Amino acid sequence: RAGVTYPLESLARRAGLAVSAVRFYGDRGLLPPAAVDPRTGYRTYDAGQVGDAVLIRDLRRLGLPLARVTAYLAAEPAARWELLDDHVAWLARRLADARRVAHALHDVTTRTEPPMTQRPTPATTTVAARDLGGALDQVLPAASRDPERPVLTCVLVEARHGSLRLAATDSYRLAVRDVVPSGEAGPAFRSLVPAATLRRWRDDLPGDGDVTIGVRDDHLVVRGDAVDLHAWQVPAGFPDYEAVMVRDGDAHAVVVRRDDLRAALARFAGTDGAVLVRVAPGRLTVLRGDEEVVVAAEHDGRGVDVALDPAFATDAVVAAIGQDLVVEVADALRPVVFRSADDGTFTTMLMPVRLD
């Protein structure tokens, strides 16, 4: 309707996207807000942009890389059909390959548990079990294992703004994942639980179906058709990680193929010392000493060098979602941000380190 505007959270809810995904698409120029308050940075959107957001969501669900989504939105109708036909044909080939692998693994069995008999947990959010398991895989590597810093050995789990968020940090890196509910989002809650407990949960989560997650008494509880998991809540405050996540206005966004960057970092696996990541127009280079690996990249900004721990950087790349990865570099001293380019729901921040 003409003249109708929506705040960021409302647009995200109507389009079935996480709030962070809407911000991400805006930052990439795919879904720019109709207006931004210059004082608060608060974003609002026109009513017609709901359809745009749904279209982008559906294209990403088809598995289109970020660059091809951009091409689709800019294309004429005939070219759009051709682009989708090519992508569906590629998916069909992938599916055929997956079926061959599945048949080869047909005899592998998995442990199941009897259905739950307890009453449903109040104030819960429903999410896909596969998404929750994936989120744990992404954030748990960033949780500290230092017993002298007990709060950092925990993971923050909170429901808010229509999505479920998991966050973990060891003070050298920060991992945050937003999961879009598969059903109606429940009331907000905030829970700090030991990462060690969540690691034990991982094998118990089913591979498909939905689970509910919420707080009951002193526990974080996850329940589904074949799972009933409880974790003690830690009565402590989690660091103010959102203040660290405020995006630098002068950061340079570089889009790379995730597998290419992972392969580049693998060249330095198992060796001591930091690697230098050099961002330049059209390329990203990982180097140490006389050895370097060049990765093609979408970047037309100025060159920047930053040193990173290669193991931490590899964790960030491996945990990302989709084929493309956005790396945001401001300078040699500020955190480097790794964002999944599929929908922006996963973010890892790494502190730079000194070169040996």
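About the thresholds
- Residues numbered from 1 in each chain as written.
- Predicted model: local features only at pLDDT ≥ 70, side-chain atom pairs only at ≥ 80, totals over all residues.
- Heavy atoms only, no water.
- Buried < 20%, exposed > 50% of the residue type's maximum accessible area, 1.4 Å probe, protein only.
- Helix = DSSP H or I, 4+ residues; strand = E, 2+ residues; numbered from the N terminus.
- Arc of directions from axis to C-beta.
- Contact = heavy atoms within 4.5 Å.
- Core = buried A, V, L, I, M, F, W, Y, C linked by side-chain atoms within 4.5 Å.
- Polar contact = N/O pair within 3.5 Å; in protein donor to acceptor, adjacent residues only side chain to side chain.
- pLDDT = per-residue confidence, 0-100.
- Pairing = 2+ DSSP bridges.
- Axes fitted to C-alpha atoms, helices over the stretch in contact; angles between N-to-C directions.
- Parallel < 35°, antiparallel > 145°, perpendicular 65-115°, else oblique.
- Left-handed = near helix turned anticlockwise from the far one by under 90°.
- Salt bridge = Lys/Arg side-chain N within 4 Å of Asp/Glu carboxyl O.

1. Describing helix 7 (residues 195–202)
- When helix 7 is considered as a whole, its buried residues turn out to be Ala-195, Thr-197, Leu-198 and Trp-201. Mapping the buried residues of helix 7 onto a view down its axis gives an arc of 155°, with all of them on the same face.
- Along its buried surface, helix 7 packs onto helix 6 (129–139), strand 5 (154–160), strand 8 (189–194), strand 10 (219–224) and strand 11 (227–232).

2. Overview of the nonpolar core
- Counting residues in hydrophobic clusters, the biggest one holds 59 residues, and the most contacted among them are Val-155, Val-157, Leu-164, Val-256, Leu-261, Leu-284 and Phe-338.
- Among the elements that make up this core, the one with the highest residue count is helix 6 (5 residues).
- If you look at the next biggest cluster of nonpolar residues, it comprises 30 residues, including Ala-18, Phe-24, Leu-31 and Val-255.

3. Examining the side chain of Asp-170
- With respect to the element layout, Asp-170 can be found in the loop between strand 6 (163–169) and strand 7 (173–179).
- From its side chain, Asp-170 meets the backbone nitrogen of Arg-173 in a polar contact 2.9 Å long.
- With near-sequence residues (within four places) excluded, Asp-170 lies in contact with Ala-142, Ala-143, Ser-144, Arg-149, Leu-152 and Phe-312.

4. Points about the confidence of the model for the protein
- Per-chain confidence: the protein averages 83 in pLDDT, with 90% of residues scoring 70 or above.
- In this model residues 107–113 is a low-confidence stretch, pLDDT under 50, and it forms 5 contacts with partners more than four residues away in sequence or in other chains.
- Of the regions scoring below 50 in pLDDT, residues 116–121 engages in 15 contacts with residues more than four places distant in sequence or in other chains.

5. Examining the sheet that holds strand 1 (residues 5–7)
- Reading across from one edge, 1-3-2 is the order of the 3 strands in this open sheet, with antiparallel pairing throughout. Whereas interior strands pair on both sides, the edge strands pair on one side only; in this sheet they are strand 1 and strand 2 (35–36).

6. Regarding the packing of helix 1 (residues 8–15) against helix 3 (residues 49–61)
- Contact pair helix 1 / helix 3: the axes reach a minimum separation of 9 Å and the direction vectors enclose 55°. One finds that helix 1 runs oblique with respect to helix 3. Of the two possible hands of crossing, helix 1 and helix 3 adopt the one that is right-handed. Here helix 1 contributes Leu-11, Arg-14 and Ala-15 to the contact with helix 3, which in turn contributes Gln-49, Val-50, Ala-53, Val-54 and Arg-57.

7. Re the pattern of salt bridges
- Applying the stated criterion to the full structure yields 16 salt bridges.
- Note that Glu-158 and Arg-190 form a salt bridge whose closest N and O atoms lie 2.9 Å from each other. With Glu-158 in strand 5 and Arg-190 in strand 8, this pair connects stretches of sequence that are 32 residues apart.
- Residue classification places Arg-190 among the partly exposed positions, given a relative accessible area of 48%.
- A salt bridge links Asp-170 to Arg-173, with the shortest nitrogen-to-oxygen separation between them at 3.2 Å. Each of the two residues, Asp-170 as well as Arg-173, counts as buried.
- The network of salt bridges with common partners includes Arg-160, Arg-165, Asp-178 and Glu-242.

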